[in-house]
Amino acid sequence: MRRLIFLGGAGFLLLFALSFVKPASAASSTMYTWTPSKLYKTASGAAYSRNVNSGTAVTVYSKSGKRYKVKAGGKTGYIYADNLTRSKVKKEDYFGSKIYKQAAGGPYVASVPAGKMMYIKMEATKNGMYLAHVIGTGYSGYVDKTHFIKPVVKYTWMPSKLYTSATGNSYKKTIKDGQKVSVFNGSHGRYQVKAGNSSGYIYANNLTGLLAKKTVYASSKLYTSSSHTKYTAVIRPNQQVYVKESSQNMSHICVVGTAQSGWIYTSHFTKPAPAAGGTTSTTTGTSQTGSSTAGGKTTGTATGSTSGSASGTTGSATATSDTTTTGNTGSGSMSGPTTAGNTGSGSASGTTTTGNTGSGSTSGTTTAGSTGSATASATTTKGLDVSHYQTLTQESFNLMKSQGYNFVILKATEGSGYTDSKFYTYYKYARNAGLSVHAYHMIGNSTTTSAQHIAEAKYFYQVLAQTKAKTGYAFTGYAFEDIEPTGTNSITTTWWANAAPACAGYFLNEMQTLGQAKVGIYAGYFNWKSYLEGHTDSWPGNTKIWLARYNITLGTNADVWQYTETGTIDGITGHFDLDISYDPDF
C-alpha cells in the first residue's frame, strides 16, 4: 500500500514538471496583432475559439501554411500571419484619411476624421502608404503615411486657390487671405493642407509662417519685385496689408481683402510724427484772380492772413472738401483738403500749398482690383459677373448700385440643357436695383461640328426669351459665349488651335439668326491672343469682346475687361469677378 502511494506521488510530480516544458515545435517570439484577428482552433480550419483585439501581444511558436501557432491570453491557437507585425506601432492620423484597399489607391474602404488612432504594420509600407487599422472600428487598409506627421501651422498672406491635386489646374475654392492652414507635405511647389474642413493643395509661395498685418501710412507704389523698377498700382494711405517677407528695404505685401500683391517700401509702415506748429505772420493779400474748377464741393475762399511756413504768391485759393485741384494766379500745383493764397510771404502749417494759374479739373475714378488694379475714366463703367456660386439678395444688388457698379453679367446656361439656378432671380434683383444686365453661356462641348454649337445657342436663346415671363423684365442686354475649359467640355490645345474660331462663329451667328442682336465672346487673355484674335472673320461684325487678365494691365483692345476673380464689395460676403467696360452700351 505504501509503495503504491509513493509511486502515485512520483507520477504526479512528473506530470507537473512536464507541463512547464515549451512546445517542441519551435522557440517562441513575441509579435502583435495590428488588426483584429480570429484565434483559429487548427492551422487550416474555419472554427475559431475567440477574437483577439488589435494591438495584442501574442507568443508565436511556429508557422503552418498561412497561419502562425500562437498563444494569446492563455489560449493557444492559430492566427493569420498577415495579421501579425513584429513591432507594436500606434500613430495618430492628423489629417483625416481615406482607407484604401490597395497601396496604389483606387477603391477605398472608408473615410475617417482627423484624430483617429491606428495600429500600423510597418513592414508592409509601400508606395508611401502604411498598412493600418483604425482602432475601435472594423476598418483596415492603406493610408498615406504623411498624414501621421504632425502638421505645421501656416497662414495665407494672400487669397489662394485650394487645388485638388499637386499638379492640376482644378481647384475647389479660394481661401481668403489671413487664414490659418495645417500643412502636411509638399510636392511640385504646392503644399498639401487642411483649411477648416477643406483639404487640398496651395502654392507654397502663398503661405507664410508668421502672419504680420500692418498699416501703410504713405501713398505707395506696388512694385512687381524688390528691385522697385516697375509697379502695377498705387496703395492709398491707411490701407492694411499682410506682409510676407522683407528684402532691400522693401516688403512683400498683399492688400487685405484683395489679391493685389507686390513690393512696397518698408519705411511706409512707419507712422509719421504729428506736424509741428509754425509762427504766425500777418499778410495783406486782397485780390483774387484766375478761375478754378473743382470736382468737389466748395467750402470757402481764403484771403488775407495765413499761418504756418510757406512762401506766398499773389492771389487766393478756393478750398474744397475733396482732394481736387483749383486754380489761382501764381504757380505750382495744389492738392490736399486745405489751400490758401496770400500776398507776400508768411508761414503756414499742415499741407498748405500755393495756388496756380488757370483751372484744374478731376476726371476718372480709380477702381482697385483684388488682383491688380483697373483705372476707370469718364468713358468707362464698373461691373461684375456672378452665378449661383454667390449667395445674393435684393439688398446685395442695391449695394452694388450704391457703390458705383453699373452693370452685371449673369450666368444663364451651360451646354444644351443646364440653366443656372439663380439666373432669373438675380436678373430680377439686378433690374430692380437699376443695373444694366447681361448674360453668359458656358460652352458645354468641344466637338468641331456645327450641330452641337448651334444646339447650345438655341438653348441659350430659349432661356433668355423666357426672362420676361419669369421676372417681369425683358432681356435687353448682351449675350456672351464663355469659351474656357471646364471639367466636362474636354477643351484641349488642339481644339483651340484648329476649331475654336469656327465653333464660336457657329454659336454667335445662330444667336443672331434667332433674334439676339447683341452678342459677345468671353475668353482668357492668353487664349484670345493665341487662338482667336485675327481669326474672327466668320463672327458677326458687332461681336463684343470680354477678356480676363489678372494681376496686370489688360494689354490689348477689348470691350470689357475682367481684371480680378477675388474682388470684394463692401457689405457683401464673398469674392467676385470684377469688370471694367469701355463700351457705352454697358
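Residues numbered from 1 in each chain as written. Predicted model: local features only at pLDDT ≥ 70, side-chain atom pairs only at ≥ 80, totals over all residues. Heavy atoms only, no water.

1. Some details on the overall build of the protein
Okay, so step 1: From N to C terminus, the protein includes eight helices and 42 strands.
Okay, so step 2: Within the protein, the proportion of its 586 residues that are buried is 42%.
Okay, so step 3: A separation threshold of at least 6 residues defines the contact pool for the protein, and within that pool the share at least 24 residues apart is 60%.
Okay, so step 4: For the protein, the exposed surface amounts to about 29,100 Å²; the carbon and sulfur share of it is 50%. (Helix = DSSP H or I, 4+ residues; strand = E, 2+ residues; numbered from the N terminus. Buried < 20%, exposed > 50% of the residue type's maximum accessible area, 1.4 Å probe, protein only. Contact = heavy atoms within 4.5 Å. Areas by Shrake-Rupley, 256 points an atom, 1.4 Å probe, with all protein chains shown as cover.)

2. Describing the pairing of strand E1 (residues 29-33)
Okay, so step 1: Examined bridge by bridge, E1 and strand E4 (residues 57-64) share four bridges and lie antiparallel to one another. Residue pairing for E4: Tyr32 is matched across the bridge by Ala57.
Okay, so step 2: Note that E1 and strand E7 (residues 84-85) share two bridges and pair antiparallel. By the bridge assignment for E7, Tyr32 is matched with Thr85. (Pairing = 2+ DSSP bridges.)

3. Overview of the environment of Gly472
Okay, so step 1: Here Gly472 is to be found in the loop between helix H5 (467-471) and strand E38 (479-482).
Okay, so step 2: Judged by relative accessible area, Gly472 falls into the partly exposed class, the value being 44%.
Okay, so step 3: Spatially, the C-alpha atom of Gly472 lies 10.0 Å from that of Tyr424, the residues being 48 residues apart in sequence.

4. A look at the side chain of His438
Okay, so step 1: By the secondary structure assignment, His438 is in strand E37 (residues 436-442).
Okay, so step 2: Side-chain polar atoms of His438 contact the backbone nitrogen of Tyr478, separated by 2.8 Å. (Polar contact = N/O pair within 3.5 Å; in protein donor to acceptor, adjacent residues only side chain to side chain.)

5. A few points about helix H2 (residues 394-402)
Okay, so step 1: For H2, every residue scored as buried is listed here: Ser396, Phe397 and Met400. The buried residues of H2 all sit within an arc of 95° when viewed along its axis, so they share a single face.
Okay, so step 2: Each element contacted by the buried residues of H2 is listed here: strand E34 (381-386), strand E35 (405-414), helix H3 (423-432), strand E41 (560-569) and strand E42 (572-581).
Okay, so step 3: The first or second residue beyond H2 is Gly404, which carries a positive phi of 95°. (Arc of directions from axis to C-beta.)

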